[in-house]
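Residues per chain are reported as follows:
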Amino acid sequence: MEKDKQTRVGVDPARSAVPLSAWAEEWLERRAIGEATRCNYEGFVRNHLVPSLGRKPLAGLARRDFERFVQDIYRGGAGLAASTVNDRMVMVAAIMEAAVVDKRITENPARGIRISRRDAVAMDEDAVPTPAEVDLIAAHITPPFRLAVYLQAGTGQRPSEALAFSDECRRSGFVRIRWQVSAKAHHEDCQTPFVPLKHRLEKECRDIPTALFVEQEIDAHLRRWKPVPVAFVGQKGKRIRLETFFAPRWPGAGVMPSIASYGYQFKKACLLAGLVDLDGKAKYTPRSLRHFFASTALANGVPIHEVSRWLGHRSVKTTVDIYGHLLPSAWERCREILQRSMRPLPPDVTSLPPEEASSSAGNRTV
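Calculation notes
- Residues numbered from 1 in each chain as written.
- Predicted model: local features only at pLDDT ≥ 70, side-chain atom pairs only at ≥ 80, totals over all residues.
- Heavy atoms only, no water.
- Helix = DSSP H or I, 4+ residues; strand = E, 2+ residues; numbered from the N terminus.
- Buried < 20%, exposed > 50% of the residue type's maximum accessible area, 1.4 Å probe, protein only.
- Contact = heavy atoms within 4.5 Å.
- Areas by Shrake-Rupley, 256 points an atom, 1.4 Å probe, with all protein chains shown as cover.
- Pairing = 2+ DSSP bridges.
- Axes fitted to C-alpha atoms, helices over the stretch in contact; angles between N-to-C directions.
- Parallel < 35°, antiparallel > 145°, perpendicular 65-115°, else oblique.
- Nonpolar A, V, L, I, M, F, W, Y, C, P; charged D, E, K, R; others polar.
- Core = buried A, V, L, I, M, F, W, Y, C linked by side-chain atoms within 4.5 Å.
- Arc of directions from axis to C-beta.
- Polar contact = N/O pair within 3.5 Å; in protein donor to acceptor, adjacent residues only side chain to side chain.

(A) Here's a closer look at the overall build of the protein chain. Across its full length, the protein chain carries 15 helices and 9 strands. Evaluated residue by residue, the protein chain yields a buried proportion of 42% over its 366 residues. The long-range fraction of contacts in the protein chain, counting pairs at least 24 apart against all pairs at least 6 apart in sequence, stands at 62%. Of the roughly 20400 Å² that the protein chain leaves accessible, carbon and sulfur atoms contribute 52%.

Listed below in structure tokens is the structure:
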């Protein structure tokens with residue numbers, strides 16, 4: 001047993017030599033958390049934390065390791081928003097704090113590590129498909145998923161939300177989103193294929209306006225495939241039944257389509273449509289369709305706080321970080337407002353060239 005000279009806390013070298021991957025797995029097993037949260041945490045640990053830092057022993061992790069990790073994951077093309085990265089880093093800090101409490105390490109090197117707003121990376125405009133490219137993806141994707149493409153592009157839903165679309169979602173002039181497909185919904189033993197929305201409780205929902213083309217795509221889908229009833233038990237024990245649009249209709253197709261299967265078909269559609277990058281890989285992902293919805297709305301003057309609410313972001317700050325640079329320039333608008341306010345044109349003049357307007361304003365008697 002060794003003692004840290006400053007804290008006087010006893011640390012067992014053998015216990016502190018445990019790899020982060022093993023400790024994170026043990027920590028997750030002990031947590032009493034909801035299914036959706038557990039799936040999110042497990043996915044982050046498996047896909048990001050373990051590949052980067054999993055082999056390092058607890059005692060060998062320093063603050064700079066986590067600082068480098070959070071920057072690499074955010075800027076390395078993982079597709080995670082700053083708010084998501086910060087939320088997951090709260091979990092990572094909790095994992096390391098548990099190691100401190102368990103006297104495996106003397107201090108928590110992950111405490112307070114986060115992406116600051118000044119480090120936030122705005123969305124790359126090249127990651128947004130054009131309207132014609134959206135139509136190409138929809139035309140080449142396997143037909144049952146065509147509607148999912150337009151639900152994402154036309155209402156900004158996440159893939160998991162689009163796949164949970166049901167009769168109850170459709171309203172007059174808008175859609176009401178209340179559920180998303182569970183990460184384990186495609187498992188045959190899954191008892192809860194639908195879970196509450198991200199950042200929302202089970203009873204909460206969000207309403208999103210629908211353009212005519214979205215409603216037409218819904219009608220076209222229903223003419224070809226009838227909704228399939230799926231019954232499940234909600235988090236509060238209440239039995240719920242949804243008439244779902246994307247439930248399987250053939251034996252052997254599984255219980256529910258997975259986000260992974262939709263992503264695979266999306267990638268395949270991009271390749272078939274010739275939407276590839278210089279390496280021959282699919283140019284877009286399902287997330288690109290949310291970017292299309294948000295960027296199109298903002299570029300045409302829809303208030304950013306409304307877009308943020310429709311996207312289901314936890315805070316409008318997240319929306320500003322990602323899409324703020326796409327807002328129409330306020331420069332000319334501001335100049336016009338100030339001109340009218342401080343040097344209004346005479347009542348008989350509707351418009352003047354800049355030189356004449358300036359002269360006219362200067363000659364008026366105040």
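Picking up after the structure, the text goes on.
(B) Summary view of the sheet that holds strand β7 (residues 206-209). Strand order in the open sheet made by the 3 strands is β3-β4-β7, with antiparallel pairing throughout. If you trace the sheet from one side to the other, it starts and ends with β3 (170-171) and β7, each paired once. One ladder, built from 2 bridges, connects β3 with strand β4 (residues 174-177); its direction is antiparallel. Within β4, the residue paired with R170 across the bridge is V175.

(C) Structural view of the environment of D321. Examined against the element boundaries, D321 turns out to sit in helix α13 (residues 316-323). In this structure the C-alpha to C-alpha distance between D321 and S83, which are 238 residues apart in sequence, comes to 9.5 Å.

(D) Geometry of the packing of helix α3 (residues 35-53) against helix α5 (residues 82-101). Interaxial distance between α3 and α5 falls to 11 Å at its minimum, and their mutual angle equals 85 degrees. Viewed along their axes, α3 and α5 adopt a mutual orientation that is roughly perpendicular. Along its contact with α3, which presents N40, Y41, F44, V45 and L49, the element α5 presents R88, M91, V92 and I95. Of the residues belonging to the contact of α3 with α5, the class tally is 7 nonpolar, 1 polar and 1 charged.

(E) View of the nonpolar core. Formed by 57 residues in total, the largest nonpolar core has its most connected members in I137, V149, F165, F194, F246, Y262 and F266. Every residue in contact with Y262, bar those within four places of it in the chain, is listed here: I141, F145, A148, V149, Q152, P159, L163, P286 and L289. If you look at the next biggest cluster of nonpolar residues, it comprises 32 residues, including F44, L58, A98 and A110.

(F) Molecular detail of helix α2 (residues 20-30). Along α2, the positions that sit buried rather than exposed are L20, W23, A24, W27 and L28. All buried residues of α2 project into a common sector of 135 degrees when viewed along the axis, lining one side. The outward face of α2, more than 90 degrees from its buried face, is lined by the exposed residues E25 and E29. Along its buried surface, α2 packs onto α3 and α5.

(G) Focus on α13. Turning to α13, its buried residues are T318, T319, D321, I322 and Y323. Along the axis of α13, the buried residues cluster in a sector spanning 165 degrees; they form a single face. In this fold, the buried residues of α13 make contact with α5, α11 (286-299) and α12 (304-311). Of the residues that open α13, the one with a side-chain oxygen 3.1 Å from the backbone nitrogen of K317 is S315.

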